[in-house]
Amino acid sequence: MTSGSPYAWFQILGGDGFYCAVDPTNSNVVFAEYQNMSSGQGPFRSTNGGSSFATPSGFVSSDRYNWNAPFTMDPSNHNVLLAGSNRVYRSVDNGVSYTVISEDLTTNHQVGNLAYSTISTLAIAPSNSSYYYVGTDDGQVWRSKVGGGIGNWQNVTAGLPLRWVTRVTPDRIDPEVVYVTLSGYNQDDFGAHVFRSTNAGDTWTAIDGNLPDSPANDLLTDPLESSRLFLATDVGVFTTSDLGVNWSPLGTALPAVPVVDLSLDAGSRTLVAATHGRSQWKFALWPVGVAVGEPSATARLALSGPTPNPSRSDVRFILDVSRPGHANATIYDAMGRRVATLLDGSVAAERRALAWNGRDDAGRLARAGAYYLRVALDHDVSLVRRIVRID
């Protein structure tokens, strides 16, 4: 861990360190593991910033665990965590105990002397905590729209190559939109495999565009621009502003080593790339993804600036839609967390007013600070406006 300085890292857990997480509501609560999900014991939990760890209950050590076994925290509920063996485990008490919520989601094909047919990635949709997605090292992708449970998973592998699933990434806005990255190294396939679905995996579209032949390891969506993606590969980080039609390298000076993980601090717009062997590197995204200008003539969507801005009370917008479609208008805070949904449904070709009363979906008054209204039409056109709330 580090408090921020690149020269102040200190070790909190032994073994080959893999997944880790910090509770966003209490930075003293830390989760970490070593290889094979801490030898089948589960993600260790600390309540003192990593000085000591406790072992959770509920894990079956005889399950098959990936060398880099995944676990994740629900972006909307810090008490809910998922962890993967060949099955999915869930905690609803902030990682103290876990229960099994799936059958074996792999092909159960054992080869060699290492654990195989294991879950390699899992995710919870930020916009709908009932949507779970899972990928495995033997090429399977699964989903549940009801928060898991035995018999409540659907296999959505059809249309994808049978390769190691490196990451499943749900869209931040629409739980039905999901991305999958894959690696074919273990089959001498070095192509860049990146896919997108707009129906929770019922069908898939390749979005590898002009990417070089190199395995894809992780993908992030931009919370401020729906068509912008960031991709970690074995030859660096790439970005696209048109959902994968055209990709380009992001930034300069990144070492020529595999990038295995990406994270984005939405408040500072800082992208962090974790490499294999050359530490972590950061990149300032501003002004990338701050599409606050007027749209082109082909966008078929226009959004006025907020009035008044800054504001202590209601903020109003005018939305112009020149063709029918499905529109979503959502308020986010500076950390990229959803605050309030103003519109989510079918719209006609029309001009309509939008208003935000300064409260979240639960009716609580939002604190002073910067917020963003993002309006999207049919998943492929989006605009963002910045709002400043004052006391």
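Only a predicted model underlies this, so the values are computations on that prediction, with no experimental measurement involved.

(A) Inspection of the overall build of the protein chain at higher detail. Counting its secondary structure elements, the protein chain contains 1 helix and 29 strands. In terms of C-alpha radius of gyration, the protein chain reaches 21 Å, essentially the compact-globule figure of 21 Å for 391 residues. Along the three orthogonal principal directions, the C-alpha set of the protein chain runs to about 65 × 45 × 45 Å. A total of 391 residues make up the protein chain; the buried ones form 51% of that total. Here the analysis covers contacts within the protein chain between residues at least 6 apart in sequence; of these, 47% occur between residues at least 24 apart. Surface summary for the protein chain: the accessible area is close to 17,100 Å², and the carbon and sulfur share equals 51%.

(B) Expanded view of unusual backbone geometry. In this model, T307 is joined to P308 through a cis peptide bond whose omega is -10°. Here P308 lies in the loop between β23 (301-303) and β24 (315-321). Following N309, the chain continues into P310 via a peptide bond in cis, with omega recorded as 5°. Within the secondary structure, P310 is located in the loop between β23 and β24.

(C) The arrangement of the sheet that holds strand β6 (residues 88-91) in detail. Taking strand neighbours across the sheet as the criterion, the 4 strands line up as β4-β5-β6-β7 in an open arrangement whose pairing is antiparallel. Since the sheet does not close on itself, it has two edges, and those belong to β4 (71-74) and β7 (99-100), each with one partner.

(D) Representation of empty space enclosed by the protein. Scanning the model with the defined rule gives 1 cavity of 30 Å³ or more in all. Of the volumes computed, that of the largest cavity is approximately 60 Å³. Around the largest cavity, the lining is made up of 11 residues, and of these L224, A266, D333, A334 and Y372 lie nearest the centre. Class assignment for the residues of the lining of the largest cavity results in 7 nonpolar, 2 polar and 2 charged.

(E) Molecular detail of the pairing of strand β14 (residues 189-197). When you tally the buried positions in β14, you get 8 out of 9 residues, the bulk of the element. Pairing of strand β13 (residues 178-184) with β14 involves 6 bridges; the strand directions are antiparallel. Looking across to β14, one finds that Y179 is bridged to R196. Where β13 folds back onto β14 in an antiparallel hairpin, the turn is made up of 4 residues, including D188, whose phi is positive at roughly 55°. Inspection of the sheet shows β14 paired to strand β15 (residues 205-206) by 2 bridges, in the antiparallel sense.

(F) Structural detail: the sheet that holds strand β1 (residues 20-22). Strand order in the open sheet formed by 3 strands is β1-β2-β3, and the pairing between neighbours is antiparallel. Every other strand in the sheet has two partners, leaving β1 and β3 (44-46) as the edge strands with one partner each. The mean angle between the axes of side-by-side strands here comes to 15°, regardless of whether they run parallel or antiparallel. As defined by bridge partners, β1 adjoins strand β2 (residues 30-32) across 3 bridges and the pair is classed as antiparallel. The residue bridging V22 from the neighbouring strand is V30, located in β2.

(G) Geometry of the pattern of salt bridges. Under the counting rule described, the total for this entry stands at 13 salt bridges. Between D63 and R87 there is a salt bridge; the shortest N-O distance is 3.1 Å. You can see D63 sitting in the loop between β3 and β4 and its partner R87 sitting in the loop between β5 (77-84) and β6, a full 24 residues away along the chain. Classification of R87 as partly exposed rests on a relative accessible area of 21%. Salt-bridge contacts for R352 lead to E350; the nearest nitrogen and oxygen are separated by 2.9 Å. Take R352: its relative accessible area is 27%, and that puts it in the partly exposed class. A relative accessible area of 29% means that E350 is categorised as partly exposed. Salt bridges sharing common partners tie together R167, D218 and D261.

(H) Fine view of the side chain of D171. Its place among the elements puts D171 in the loop between β12 (164-170) and β13. Within the buried core, D171 has no salt-bridge partner, and the shortest N-O distance to an opposite charge, that of R374, equals 5.2 Å. Separated by 2.8 Å, the side chain of D171 and the backbone nitrogen of I173 make a polar contact. Leave out the neighbours within four places in its chain, and D171 touches P126, S127, V177, V178 and T221.

(I) Just the packing of aromatic side chains, in detail. Taken as a whole and assessed by the stated rule, the structure comprises 7 aromatic pairs. Between F59 and Y89, the ring centres sit 4.4 Å apart and the planes meet at 25°, which makes this aromatic pair stacked. Pair noted here: F59 is in the loop between β3 and β4 and Y89 is in strand β6, with a separation of 30 residues, a long-range link. Per residue, the accessibility class of F59 equals that of Y89, and both read buried. On the numbers, 5.3 Å between centres and 55° between planes, the contact of W356 with Y371 is tilted. With W356 in strand β27 (residues 350-356) and Y371 in strand β28 (residues 369-377), the pair connects residues that are 15 residues apart, well separated along the chain. As far as the burial class goes, W356 and Y371 line up, both buried. A network of ring pairs unites the aromatic residues F59, Y89 and Y98 as a single cluster. Stacked on the ring of W356, the Lys or Arg R389 has its end atom at 5.7 Å from the ring centre.

Conventions we followed
Residues numbered from 1 in each chain as written. Predicted model: local features only at pLDDT ≥ 70, side-chain atom pairs only at ≥ 80, totals over all residues. Heavy atoms only, no water. Helix = DSSP H or I, 4+ residues; strand = E, 2+ residues; numbered from the N terminus. Rg over C-alpha atoms; globule rule 2.2 N^0.38 Å. Buried < 20%, exposed > 50% of the residue type's maximum accessible area, 1.4 Å probe, protein only. Contact = heavy atoms within 4.5 Å. Areas by Shrake-Rupley, 256 points an atom, 1.4 Å probe, with all protein chains shown as cover. Pairing = 2+ DSSP bridges. 1 Å grid on protein atoms, 1.4 Å probe; cavity = no way out; pocket = protein on both sides within 12 Å on 5 of 7 lines; lining within 4 Å. Points joined across faces, edges and corners; volume = space filled by probe spheres on them. Nonpolar A, V, L, I, M, F, W, Y, C, P; charged D, E, K, R; others polar. Axes fitted to C-alpha atoms, helices over the stretch in contact; angles between N-to-C directions. Salt bridge = Lys/Arg side-chain N within 4 Å of Asp/Glu carboxyl O. Lys, Arg positive; Asp, Glu negative; His and termini not counted. Polar contact = N/O pair within 3.5 Å; in protein donor to acceptor, adjacent residues only side chain to side chain. Phe/Tyr/Trp six-rings, centres within 6.5 Å; stacked < 30°, edge-to-face > 60°. Lys NZ or Arg CZ within 6 Å of the ring centre and 35° of its normal.

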